[in-house]
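Chain by chain, the residues:
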Amino acid sequence: MPTRVAAALFGVWMAAQGAAFWLLPAWQDPIRLAAGFATVVAVLFGMRRRRPARTGPWQLLALAVALSAVGKTVHDVPLAVQSVPLLAPAVTLALLAVYPTLAGALVMFVRYRTGGSRDRGGLIDALTVTAGAALLSWTFVLSPQLRDADLTSTADLLAIGYPIGDLLLLAALTRLWTVSNRRVPAGFVLVAGVFAMLVVDLAHSVPGLEHVLAALSTFGRLPLYAAIGLAALHGSMHALTQPAATPPADLDRKRLLLLGVASLVGPAVLLVQVGLKGRPLDLSVVAVLCGLTFLLVLARTAGIMGSQRLATARERGLREASADLVSATDADEVADATRRAVAQLLPDVPHRVVLAMAVAEPGESLSAEAAAQAAEDRASGTSARLLPTRDVDWAAAVRLNQYKMVLRCPLVLQDRPTGDPLVGVLHVGGPAWALVGLQRSLEVLATQVALAMERIALSEEVIRRNSETYFRTLVQNTSDVILIVDEEDRVRYASPSARPVLGGDPVGVRLPDIINPADRDRLHEVLAGVRFGRGPAQGIDFRALGRHDSELMLEMHVRDLRADQTVSGLVITLRDVTERRRLERDLTHQAFHDSLTGLANRVLFADRLEHALARGTRDGTLVGVLFIDLDDFKVVNDTLGHAVGDQLLVAVAQRIGGALRADDTAARLGGDEFAALIENVQDPAAVEEAAERILAALAEPILVDGEPLQAVASIGITTTPEADNADELLRQADLALYVAKGAGKNRWRRYQTHLHGAMVERLELRSALDHAVNEGHFLLQYQPIVDLNTDEAAGFEALVRWHHPARGVIAPDQFIEVAEESGLIIPMGRWVLDEALHTVAQWRRVLPRARQPYVSVNVSVRQFRQKGFVDQVRASLDYAGVPPQALMLEITETLLMRDDEEIWADLAVLQDLGVRIAIDDFGTGYSSLGYLRQRPIDVLKIDKTFIDDMVGSEQQLALVSGIVSLAQTLNLTVVAEGIEDASHRDILQRLGCPLGQGYYFSSPVGPTEALSWLTDSRAVAA
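## A short note on the overall build of the protein
Scanning the protein for helices and strands turns up 40 helices and 25 strands. The burial tally for the protein puts 45% of its 1022 residues in the buried class. Nonlocal contacts in the protein, meaning residues at least 24 apart in sequence, comprise 66% of its contacts between residues at least 6 apart. Of the roughly 51000 Å² that the protein leaves accessible, carbon and sulfur atoms contribute 57%.

## Topic: the environment of asparagine 401
Residue placement: asparagine 401 occurs in the loop between helix H17 (394-399) and strand S3 (405-412). Counting along the chain gives 12 residues from asparagine 401 to threonine 389, while the straight-line C-alpha distance between them is 6.7 Å.

## Concerning the pattern of salt bridges
In a structure, side chains of opposite charge can pair up when their charged atoms sit close to one another. In total, this model carries 28 salt bridges according to the counting rule given. For aspartate 586, the salt bridge goes to arginine 582, with nearest N and O atoms at 2.9 Å. Linking aspartate 586 with arginine 582, this pair stays in helix H23 (residues 578-592), spanning 4 residues, or about one helical turn. Take aspartate 586: its relative accessible area is 31%, and that puts it in the partly exposed class. Looking at arginine 582, the relative accessible area reads 37%, which means it is partly exposed. When the shortest N-O distance is used, the salt bridge between lysine 941 and glutamate 797 registers 3.0 Å. Within this pair, whereas lysine 941 is found in strand S23 (residues 939-942), its partner glutamate 797 is found in strand S18 (residues 792-804), the two being separated by 144 residues in sequence.

## Here we look at the sheet that holds strand S7 (residues 537-545)
Here 5 strands make up an open sheet; going across it, the order is S6-S5-S9-S8-S7 and the pairing antiparallel. Edge positions in the sheet fall to strand S6 (491-494) and S7, since each has one partner strand and no second. For this sheet, the mean angle separating the axes of adjacent strands, direction not counted, is 30°. Note: strand S5 (residues 481-485) against S6, 3 bridges, orientation antiparallel. Looking across to S6, one finds that valine 485 is bridged to valine 491. This element, helix H22 (residues 520-531), spans S5, S7, strand S8 (551-561) and strand S9 (569-576) of the sheet and lies at about 150° to S7. Lying over the sheet, H23 contacts S7, S8 and S9, oriented at roughly 115° with respect to S8.

## Focus on the nonpolar core
Where a protein is soluble and globular, its nonpolar side chains tend to be buried together. Core analysis: the largest hydrophobic core is formed by 74 residues, its most contacted members being Leu887 and Leu889. The element that contributes the greatest number of residues to this core is helix H31 (residues 825-846), accounting for 10 residues. For leucine 889, the residues in contact, after removing those within four places along its chain, are Leu833, Val857, Val859, Phe869, Leu910, Val915, Arg916, Ile917 and Ala918. Ranked by size, the runner-up nonpolar core spans 48 residues in total, among them Ala6, Met197, Ile228 and Ala239.

## Considering the packing of aromatic side chains
Counted under the stated rule, the structure contains 6 aromatic pairs. The interplanar angle of 45° and the centroid separation of 6.2 Å between the aromatic rings of phenylalanine 778 and tryptophan 831 together place this pair among those described as tilted. Note that phenylalanine 778 is positioned in strand S17 (residues 778-787) and tryptophan 831 in helix H31, a separation of 53 residues in sequence. For phenylalanine 778, a relative accessible area of 10% puts it in the buried group. Residue class for tryptophan 831 comes out partly exposed when judged on its relative accessible area of 27%. Pairing phenylalanine 796 with tryptophan 843 gives two aromatic rings, centres 5.0 Å apart and planes at 55°, and the pair type is tilted. Taken together, the residues phenylalanine 796 in strand S18 and tryptophan 843 in helix H31 connect sequence positions 47 residues apart. Both residues of the pair, phenylalanine 796 and tryptophan 843, belong to the buried class. Here the aromatic residues Tyr782, Phe796, Trp843 and Trp1013 are joined through ring pairs into a cluster of three or more.

## Remarks on the packing of helix H26 (residues 642-659) against helix H27 (residues 684-699)
Orientation of H26 relative to H27, taken along the N-to-C sense of each, is 140°, at an axis distance of 9 Å. Considering the angle they form, H26 stands oblique to H27. Our pair here, H26 against H27, has a crossing hand that is right-handed. Of the residues in H27, those touching H26 at Val652, Arg655, Ile656 and Ala659 are Arg693, Ile694, Ala697 and Leu698. A class-by-class count of the residues in the contact of H26 with H27 yields 6 nonpolar, no polar and 2 charged.

## A few points about the pairing of strand S2 (residues 385-388)
Of the two faces of S2, the one holding Arg385 and Leu387 and the one holding Leu386 and Pro388 are both buried throughout. Sheet analysis places S2 next to S3, joined by 4 bridges and oriented antiparallel. Within S3, the residue paired with arginine 385 across the bridge is arginine 408.

## Quick notes on the sheet that holds strand S12 (residues 673-681)
The strand order across the open sheet formed by 5 strands is S11-S12-S10-S15-S16, and the pairing between neighbours is mixed. Looking at the sheet topology across the chains shown, the edges are occupied by strand S11 (665-670) and strand S16 (748-750). Along the sheet, successive strands turn relative to each other by an average axial angle of 20°, direction set aside. Here strand S10 (residues 622-630) pairs with S12 via 7 bridges, running antiparallel. Counted as the bridge partner of leucine 622 is valine 681 from S12. Relative to the sheet, H27 contacts S10, S12, strand S15 (713-719) and S16, its axis offset from that of S15 by approximately 170°.

## Quick look at the confidence of the model for the protein
On average, residues of the protein carry a pLDDT of 79, and 79% of them reach 70 or more. Throughout residues 1017-1022 the model reports pLDDT below 50, and contacts reaching past four residues in sequence, or to other chains, amount to 5 contacts.

## What about the side chain of threonine 101?
Its location among the elements puts threonine 101 in helix H5 (residues 87-114). For threonine 101, a relative accessible area of 12% translates into the label buried. A distance of 2.7 Å separates a polar side-chain atom of threonine 101 from the backbone oxygen of alanine 97.

Definitions and cut-offs
- Residues numbered from 1 in each chain as written.
- Predicted model: local features only at pLDDT ≥ 70, side-chain atom pairs only at ≥ 80, totals over all residues.
- Heavy atoms only, no water.
- Helix = DSSP H or I, 4+ residues; strand = E, 2+ residues; numbered from the N terminus.
- Buried < 20%, exposed > 50% of the residue type's maximum accessible area, 1.4 Å probe, protein only.
- Contact = heavy atoms within 4.5 Å.
- Areas by Shrake-Rupley, 256 points an atom, 1.4 Å probe, with all protein chains shown as cover.
- Salt bridge = Lys/Arg side-chain N within 4 Å of Asp/Glu carboxyl O.
- Pairing = 2+ DSSP bridges.
- Axes fitted to C-alpha atoms, helices over the stretch in contact; angles between N-to-C directions.
- Core = buried A, V, L, I, M, F, W, Y, C linked by side-chain atoms within 4.5 Å.
- Phe/Tyr/Trp six-rings, centres within 6.5 Å; stacked < 30°, edge-to-face > 60°.
- Parallel < 35°, antiparallel > 145°, perpendicular 65-115°, else oblique.
- Left-handed = near helix turned anticlockwise from the far one by under 90°.
- Nonpolar A, V, L, I, M, F, W, Y, C, P; charged D, E, K, R; others polar.
- pLDDT = per-residue confidence, 0-100.
- Polar contact = N/O pair within 3.5 Å; in protein donor to acceptor, adjacent residues only side chain to side chain.

This is the structure in structure tokens:
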């Protein structure tokens, strides 16, 4: 039976039952029972035919009707109630259970309609109305009845239970009323039936109202039954268990009026009681309910403020989304902007966004279901609908299956110039309660997205329409030559760029005639391969003749477009890459050759060595490797400058290359390091002869800027009998070079097995030195600097010693060079400075003020190059608590010749601070005395070699005398090093040298012995 027919029959039946109920009072009980049964059947039939998403509330409604009909019928038969034990309490409970059952059904409808939404405002509104109604019920119904009621009486219990149940129903009914019931007629019918029941109960509970509402109260619960049955049979009954299509208004005029009336109930009750009885009754109840109403109104106001803040945030999010959509250039950027906007509209709420940009591809037919859905979207416009996930498109549902509900909003533009008004569909999956409040904002966002997509589509259409013009312009103006070649390899079309590149118009000319004759066979193979379907040919170089018969290098790309009717031939693109290939050759040469000398670099040398070893293995020839290192080249750079040093390196490279055979390879490995590869020889003596020729070539002075310079080199040699791989050969040649330098330089040495042990020993020494620096295995000894006139110590030079756990105390000449090479000299020098200052601080605290010595510390060049050296010295002085005058820094003479202004600026700062600067071993570094006037120097220390020879050499004596005199002229203090006997002291004293040091006075001693030496008043030396 159709549902509409069933609804009509049920309506006629209930109308007949109502008439009979009015006209036949004696038959009211069976009529009520028949009406209740018909209503239960109607509810079950409606559930079966309409198939609502949730059946729980309808089952509760059917149960409430059954309890009401059966309970009221049995209650009206006194004899049956009195004759059956426990029947009276059961009937009473059944009649009272009708109210919570109905309220439960209404609450379930509220939950389903809101989708579980946290509608705090609707709940507060319902509680406010209920609080007002509770005050009226208590004042005019419950309170009078409770004064005279007998709670053991069934009638009195029902008289009190009905008003309480009515309050419960009123709360649920008000909550349902606050949910949007637009386009849900079944909801209106159900609300009307429950309201009729409340009116009937009010007529029976309040004296005097029974006559006013007699027309309605006569029918009892029949209006409720009819409303429940008709609602269940109506076509919209399933909508009551689905989320509302539109969110409820936060606070409209009707709800505001209802809240206002509920808030005025308390004052009205007080006025009535005072006016009628002279004083208020149950004042405490009135006060509690009025206070509760006031608190609910305050909570409602706070909720409205929160909603306003959320609306403001969403408005701001929509504005930002609008700005992002305006700047979007493609669909992906639109999708990203949409996702960001939804994330701002749903802060801290899990969700997912699916934006379907295209409904169907051009020429693709839609299924009937998809076509119907698209038609519904076009008709609804940008109106968001809340749907179960299973009801949306399959492609979107798969990505949103973690959520039960989806907010679906079509992107529709009416009068769209590009065709279909349906641009796409925006889906947002998430909790139903959050989606209900998002509908209006999502509709605004959907409109903005649709406009952005329309703008992008129009831009793409303009680009598409202009593409042909663009292509024509590009072809006419491109520098590449575009040719169309027919089956006979004859040029049928040539772009305008062909004339300047090829020196003439090639149209009508066969393509092989343009290409260099040596490349024509290869060209034929390439064209044949493309025609036979091997695919396009890419990036093939061919030579051709250009303007003025110049040779060009052309990069060719060939595509077969013979099947394209607009082309019908091979499309050949030629690009002039002559300069590019020349640049590539130059770059390749630079990558494998030294930029200064033009020799092979380390990479090319290693590659040629690998190939030479492979050839030697095949033909049994010998391969030799020479490592060549210039001796004392650093002095040239320091004294004459890097420009002169570069010229010297170029000349050395030319001489090395000239001393080798054509089959040999000369290379520069870096700095002043060279190498030579000797191959295709049978005897190791041939490799040694090559080394002799190189030394002989370098023996002649080299003229640089008209000045002769001597290039002295050391050479390390190794051959394949000693090793069979490149790495081992290079390592052995390096070891041999190390031995050659140690043997006195300007010579060559061949690798021998024992050299490996020497190098291992050096590496062990470096490793042990690293451990010693970290663990502090060093000690300082102090050698006095003596006033030659008084034989009293003016200061001490701090000399570092290494306390090796196995070898004992090691002198600095055995490890300083290793420390310099490895960089360990920096932390070692820092420790020496701190320890020396700490020691001199202890001395100065013990000694009288008249005898305050200073300490002299040697400083490496690498320490000066370190950033912050001046700050380090200043910090060490502050930490030790000694004045700057207690410190003298000794630098090497080679530093004096450097043009490093930063180093000299640091020395000037230290000198201004009060620290004295001394030149150590003066006279051995080939420096000009003129530098002394230009540098911040305080002290000259004459090298020991001058002191040793001045006794027996008048020339050496005159040299020392000149140094002392020059120093005095420049106001510099002189310290003579290496005084071994009294004759040295006497000569220096006679020459006017003020200070000296050496074993004649004392060997280096520890800090305690040095302090004893200072306090001893005896003569320094016998």
